[in-house]
Amino acid sequence: MMRALLLKFSNSPGLARWVTSHKTTRRMSQRFVAGEALDQAVAAARVCNADGMKVSLDLLGESVTNVEEARAARDAYLGIFDRIAQEKLDGNVSMKSTQLGLDMDLDLCAGMVEEIAARATSYGNFVRVDMEASAYTQRTIDVVKRVRAKSPAIGVVVQSYLRRTENDVKDLLALGCRLRLCKGAYKEGPDVAFPAKADVDANYVSLMKMMLPSGIYHGIATHDPKMIAATERFATEQGIGKDKFEFQMLYGIRTDLQKDLVKRGYNLRVYIPYGKDWFPYFMRRLAERPANMMFFAKNLFRS
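Residues numbered from 1 in each chain as written. Predicted model: local features only at pLDDT ≥ 70, side-chain atom pairs only at ≥ 80, totals over all residues. Heavy atoms only, no water.

**Student:** Which residues make up the overall build of the protein chain, and what values do they have?
**Tutor:** When helices and strands are counted, the protein chain shows 13 helices and 8 strands. Sequence-distant contacts, at least 24 apart, represent 73% of the contacts inside the protein chain between residues at least 6 apart. Looking at the protein chain as shown, the accessible area adds up to about 13600 Å², and 54% of this sits on carbon and sulfur atoms. (Helix = DSSP H or I, 4+ residues; strand = E, 2+ residues; numbered from the N terminus. Contact = heavy atoms within 4.5 Å. Areas by Shrake-Rupley, 256 points an atom, 1.4 Å probe, with all protein chains shown as cover.)

**Student:** Now, about unusual backbone geometry: what can you tell me, with residues and values included?
**Tutor:** Of note in this structure, Lys88 is not a glycine but carries a positive phi near 55°. Position of Lys88 relative to the elements: it lies in the loop between α5 (67-87) and β2 (91-96). Located in the positive-phi region is Arg254, a residue other than glycine, with phi close to 50°. Inspection of the secondary structure puts Arg254 in the loop between β7 (245-250) and α11 (255-263). Given the relative accessible area of 26%, Arg254 is considered partly exposed. (Buried < 20%, exposed > 50% of the residue type's maximum accessible area, 1.4 Å probe, protein only.)

**Student:** I'd like a description of the nonpolar core, backed by residues and values.
**Tutor:** Nonpolar side chains tend toward joint burial in soluble globular proteins. Counting 76 residues, the largest nonpolar core has Leu57, Ile80, Leu179 and Ile272 as its most contacted members. Excluding its chain neighbours within four sequence positions, the residues that come into contact with Leu179 are Arg128, Val156, Val158, Val169, Leu172, Leu173, Met211, His218 and Gly219. Val33, Leu60, Ile253 and Tyr271 belong to the second-largest nonpolar core, a separate cluster that totals 6 residues. (Core = buried A, V, L, I, M, F, W, Y, C linked by side-chain atoms within 4.5 Å.)

**Student:** An account of the sheet that holds strand β5 (residues 179-182) is requested, with residue identities and associated values reported.
**Tutor:** As summarised here, the arrangement of the 8 strands in space is β1-β2-β3-β4-β5-β6-β7-β8, forming a closed barrel in which the pairing is parallel. When strand polarity is set aside, the average angle formed by the axes of neighbouring strands in this sheet is 30°. As paired strands, strand β1 (residues 54-59) and β2 are joined by 3 bridges and run parallel to one another. Within the sheet, the bridge partner assigned to Leu57 lies in β2 and is Val93. Here helix α8 (residues 165-174) sits on the sheet and contacts β4 (154-159), β5 and β6 (218-221); the angle it forms with β4, its principal contact strand, is near 160°. Along the sheet, α11 contacts β7 and β8 (268-274); its crossing angle with β7, the most-contacted strand, is approximately 160°. (Pairing = 2+ DSSP bridges. Axes fitted to C-alpha atoms, helices over the stretch in contact; angles between N-to-C directions.)

**Student:** Lay out helix α4 (residues 38-50) in plain terms, naming residues and giving numbers.
**Tutor:** Three or four residues apart is the spacing at which side chains of an α-helix point the same way, because the helix has 3.6 residues per turn. Over its 13 residues, α4 runs 18 Å from end to end, which matches the ideal 18 Å to within 8%, given 1.5 Å per residue. Taken residue by residue, α4 has Leu38, Ala41, Val42, Ala44, Ala45 and Cys48 as its buried positions. When α4 is viewed along its axis, its buried side chains cluster within an angular range of 165° and face the same direction. Across α4 from its buried face, at more than 90 degrees, point the exposed residues Val47 and Ala50. Among the structural elements, β1, α5 and β8 are those in contact with the buried residues of α4. (Expected span 1.5 Å × (residues − 1). Arc of directions from axis to C-beta.)

Dropping the structure here:
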């Protein structure tokens with residue numbers, strides 16, 4: 001019930017304005033968000049790189065309502081690639097399709113994503129399109145396929161809680177597309193998503209076993225020790241080297257696991273979000289784990 005409530009709150013503009021206007025909650029967001037400016041994200045990326053971790057930078061924002069906002073997001077992402085190159089960071093970029101106008105027009109969105117992928121290609125880099133709620137799944141995949149026909153420097157996220165994902169993975173692997181596998185963080189109905197955690201986990205392992213032998217460099221995104229252990233066992237059994245895939249984790253979550261995986265020779269990428277529109281992302285992080293909600297409750301009324 002708490003998870004459902006937090007996910008509902010994540011879509012409330014009024015609550016977002018109230019929460020983001022308070023110094024205490026803005027400070028708490030720094031647990032999961034590097035800051036509101038690119039400089040802060042770059043500083044966090046330097047620390048991760050120094051610890052042997054790769055990064056993926058993401059300007060937070062979604063569901064823009066006009067072309068000017070979409071163009072501003074596009075320009076920001078082009079600038080992020082420039083900055084990564086200037087700073088010589090070991091990092092790439094993640095972004096959301098609704099931040100680039102998908103709600104308004106698929107062609108508009110695809111054109112902007114194509115520009116960003118072209119900038120990534122010019123630097124020998126890579127951009128990943130995040131997966132949002134299920135209403136956007138097919139359109140997001142359509143955009144990625146369209147852009148990937150011109151540039152291989154683009155990949156997409158797949159979610160193990162969606163019933164459709166097995167077919168999506170088969171389709172995308174046939175195209176040679178790089179994937180990030182995660183569980184999923186949006187509220188979905190039982191006809192669309194597996195309601196039981198055990199089924200989500202079982203599908204996660206099944207999808208991982210489809211992805212790793214493909215010969216494509218994928219991201220296994222999880223903080224769940226059981227999913228990590230299952231991935232390690234399978235890779236070892238199949239003779240898949242540690243350099244053939246990477247684990248991915250979120251900024252500020254399970255840093256102990258992050259360091260342990262690096263110590264044991266695995267590639268590890270930290271997803272580093274930043275920006276002023278951090279409220280929806282922050283609420284989804286609270287909804288994911290009870291420990292995150294306890295952190296929020298303990299700090300809410302501190303000065």
